[in-house]
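As a plain string of letters, each chain reads:
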Amino acid sequence: MTATVVACALAVFAFNAVVDPLWYFGGNKAGTVNYAFNERLSKMNLFLSRQGQYDCVIFGDSRTTLLPEDKIKDHTCFNFAFSAGKAAEAIAYAYYLRNHGFDPHLVIVGVPATAFRERIGGTDIPDFIREDDAPKLPYIAYLSFDVVSMSWQTLFGRSPLDRIYDREFLCHVASGAPAYKPVKPIRDLFASRFTRTQRVTLYDEMREVFPDAEFVGYAPPISAWAIKAYDEKGWLDEYVAAIHLASGKFDRFLDYSVPSAMTVDTGNTYDGTHYSEAANATIARHLLEGGTAGALDLKKVDAVEMRRIYSERLKQYDAELKAGLER
């Protein structure tokens, strides 16, 4: 009986270690994709296994997970963005990284206006991050049948998210992701207003954690139809004000949420908020160089001018916006 139990345990561990759904050992060795079952844990496991390789870190929510770290010029970045990521969570991770010897030269933060909604929900910070402890050992985690189900799903099932990671842990839109139709409202578009601008002080705290790093922020792209909806509802003034106020906390800050050729192209996004690999690659390549023609450099534009440009862009793309609602 003892031999049988030991054999079963070894088989369970071996299966989980080969598929590696929590990214302890460099990811899936039995396939070409890695699913994100728990980005808050698995990304830290991956980082700790590669400690010493990076001089740059990226924080943000699920939109920022799609920013390809390998396209950031002259830096080796680790993308620590995860689903529903919040600035308060990023700060907790930043303290943890600093306490484990990480001192980046560059910090990139995705700053959507949704970070300043009245209601954004609570944080989800793992206990080991709060307590500055080590993650659960793989030899314990991978003896779990719950993890077996993750491994099985990785090999034979669908991704739990509309995003997947490849063998190099670069994030991609999963096959089968829906096509974006502007006539269908974005989920939670009007969940609450953008009035909690006092949260910009969280970026001051992050600077205190990494005082020697250059801080680069950007507002990820969002559907131009969403911007038009905010304008019609009377929320665009506070939307613009929140992003511009946040920009003051960074050494560089680009706004990709302004209506542009990128955000009026429905083929660039599957839901109006998560943008394609090509769009994010463009952002990554130009993030340290002042952005592309469609982005706004908010270190060179004040809030009044920024709001005026938003209005001008909505007029500029009015024909495309109307046509998109008819498809």
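Before reading on, note that the structure itself is shown above.
Residues numbered from 1 in each chain as written. Predicted model: local features only at pLDDT ≥ 70, side-chain atom pairs only at ≥ 80, totals over all residues. Heavy atoms only, no water.

Asker: Would you take a moment to explain the state of the cysteines for this structure?
Answerer: When the sulfur atoms of two cysteines share a covalent bond, that bond is a disulfide. For the structure shown, the criterion picks out 1 disulfide. With a sulfur-sulfur separation of 2.1 Å, Cys 56 is cross-linked through a disulfide to Cys 77. The S-S bond linking Cys 56 to Cys 77 shows a torsion near 90°; that makes this disulfide right-handed. One end of the pair, Cys 56, is in strand β2 (residues 56-59); the other, Cys 77, is in strand β3 (residues 77-79), and 21 residues separate them in sequence. Judged on exposure class, the residue Cys 56 and its partner Cys 77 are both buried. (Disulfide = S-S within 2.5 Å. Helix = DSSP H or I, 4+ residues; strand = E, 2+ residues; numbered from the N terminus. Buried < 20%, exposed > 50% of the residue type's maximum accessible area, 1.4 Å probe, protein only.)

Asker: Teacher, can you tell me more about unusual backbone geometry here?
Answerer: Most of the time, phi is negative for any residue but glycine, and the peptide bond is trans. You will see that Ala 84, though not glycine, has its phi angle at about 60°, which is positive. If you trace the backbone, Ala 84 turns up in the loop between β3 and α4 (87-99).

Asker: Honestly, the sheet that holds strand β4 (residues 106-110) in this entry has me stumped. Any pointers?
Answerer: Across a sheet, strands are paired by hydrogen bonds formed along the backbone, either parallel or antiparallel in direction. Pairing is mixed in the open sheet, where 6 strands are placed in the order β3-β2-β4-β7-β8-β9. One side of each edge strand has no neighbouring strand; the edge strands of this open sheet are β3 and β9 (296-297). (Pairing = 2+ DSSP bridges.)

Asker: How should I be thinking about the environment of Pro 112 in this particular structure?
Answerer: With respect to the element layout, Pro 112 can be found in the loop between β4 and α5 (127-130). Each C-alpha atom, one on Pro 112 and one on Arg 307, is 16 Å from the other, the two residues being 195 residues apart in sequence. Apart from the residues within four sequence positions on either side, Pro 112 is in contact with Asp 61, Arg 63 and Pro 220. (Contact = heavy atoms within 4.5 Å.)

Asker: Where do I start with the pairing of β4 in this structure?
Answerer: Walk down a regular strand and you will see the side chains alternate between the two sheet faces. Most of β4 sits inside the fold, with 5 of its 5 residues counted as buried. Here β4 shows two buried faces, one formed by Leu 106, Ile 108 and Gly 110 and the other by Val 107 and Val 109. The pairing of β2 with β4 spans 4 bridges and is parallel. The partner of Val 57 across the bridge, within β4, is Val 107. Taken together, the 5 bridges between β4 and strand β7 (residues 214-219) define a ladder with parallel strand orientation. What sits directly across from Leu 106, in β7, is Glu 214.

Asker: Before we go on, may I ask you to explain helix α9 (residues 224-233) in this structure?
Answerer: Helical geometry: 3.6 residues make up each α-helical turn, so side chains three or four residues apart lie on a common side. Ala 224, Trp 225, Ala 226, Ile 227, Ala 229 and Tyr 230 are the residues of α9 that are buried. Elements that come into contact with the buried residues of α9 comprise α10 (236-247), α12 (303-316) and α13 (318-326). The N-capping residue of α9, defined by a side-chain oxygen 3.0 Å from the backbone nitrogen of Trp 225, is Ser 223. Following α9 by one or two positions, Gly 234 adopts a phi angle in the positive range, close to 85°. (Polar contact = N/O pair within 3.5 Å; in protein donor to acceptor, adjacent residues only side chain to side chain.)

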